[in-house]
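Each chain, written out:
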Amino acid sequence: MTFELTDWMLYGMWLVLGLMGLDFLLGLYKSFKTNTFSHTLILGYLQDMLFYILPLFLLSNMMSLDHTDWLIKVGYYVGIVGVALKYLMDMKKKM
């Protein structure tokens, strides 16, 4: 199996990682502002990497197993949209 993120898959991963980074910075700013910094902030993002980002990478790795060339891509893009919406909602709650 080869690992490849092509075209829109790469842009989708950048979108998710960018939103994840913005959400982290917003949470970090808010915790420093209220003086409630905790280790759970960082551990939460490590957990999100395991629960959201790793499955997307696994789906992109399985592209060579899909002979229709669209089933796994649809799952990947649905996952990207779901994770992006999750982080947008989280940022909305933090503001």
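The structure contained in this document is the topic of the report that follows.

Each value, and the rule that gives it
Residues numbered from 1 in each chain as written. Predicted model: local features only at pLDDT ≥ 70, side-chain atom pairs only at ≥ 80, totals over all residues. Heavy atoms only, no water. Salt bridge = Lys/Arg side-chain N within 4 Å of Asp/Glu carboxyl O. Helix = DSSP H or I, 4+ residues; strand = E, 2+ residues; numbered from the N terminus. Buried < 20%, exposed > 50% of the residue type's maximum accessible area, 1.4 Å probe, protein only. Axes fitted to C-alpha atoms, helices over the stretch in contact; angles between N-to-C directions. Parallel < 35°, antiparallel > 145°, perpendicular 65-115°, else oblique. Left-handed = near helix turned anticlockwise from the far one by under 90°. Contact = heavy atoms within 4.5 Å. Nonpolar A, V, L, I, M, F, W, Y, C, P; charged D, E, K, R; others polar. Phe/Tyr/Trp six-rings, centres within 6.5 Å; stacked < 30°, edge-to-face > 60°. Lys NZ or Arg CZ within 6 Å of the ring centre and 35° of its normal.

### Side note on the pattern of salt bridges
Any two side chains of opposite charge can pair if their charged atoms end up close together.
For step 1, the next point in the chain: For the structure on display, the rule yields 2 salt bridges.
For step 2, the next point in the chain: One salt bridge connects Asp90 with Lys86, and the closest N-O pair in it is separated by 2.5 Å. In this pair, Asp90 and Lys86 are both assigned in helix H3 (residues 71–94), 4 residues apart and thus about one turn of the helix distant.
For step 3, the next point in the chain: Using a relative accessible area of 18% as the deciding quantity, one classes Asp90 as buried.

### Some remarks on the packing of helix H2 (residues 39–61) against H3
For step 1, the next point in the chain: Two elements in contact, H2 and H3, have axes separated by 8 Å at closest approach and are oriented at 160°. With respect to each other, H2 and H3 are oriented roughly antiparallel. Of the two elements, H2 crosses H3, and the hand of that crossing is left-handed. Of the residues in H3, those touching H2 at Tyr45, Asp48, Tyr52, Leu56, Leu59 and Ser60 are Ile72, Gly75, Tyr76, Gly79, Ile80, Val83, Lys86, Tyr87 and Lys94.
For step 2, the next point in the chain: Here the contact of H2 with H3 is built from residues that sort into 9 nonpolar, 3 polar and 3 charged.

### A short note on the packing of aromatic side chains
For step 1, the next point in the chain: Tallied over the full model, the rule gives 6 aromatic pairs.
For step 2, the next point in the chain: Relative to Tyr45, the ring of Phe24 has its centre 5.1 Å away and its plane inclined at 85°; by these criteria the two rings are edge-to-face. Here Phe24, found in helix H1 (residues 8–33), pairs with Tyr45, found in helix H2; they are 21 residues apart in sequence, far enough to count as distant.
For step 3, the next point in the chain: Taking relative accessible area as the criterion, Phe24 reaches 23% and is therefore assigned partly exposed.
For step 4, the next point in the chain: Pairing Tyr52 with Tyr87 gives two aromatic rings, centres 6.5 Å apart and planes at 85°, and the pair type is edge-to-face. Separated by 35 residues along the polypeptide, Tyr52 in helix H2 and Tyr87 in helix H3 bring together distant segments of the chain.
For step 5, the next point in the chain: A network of ring pairs unites the aromatic residues Trp8, Tyr11 and Trp14 as a single cluster.
For step 6, the next point in the chain: Here Lys86 stacks its cationic end above the ring of Tyr87, 4.6 Å away from the centre of that ring.

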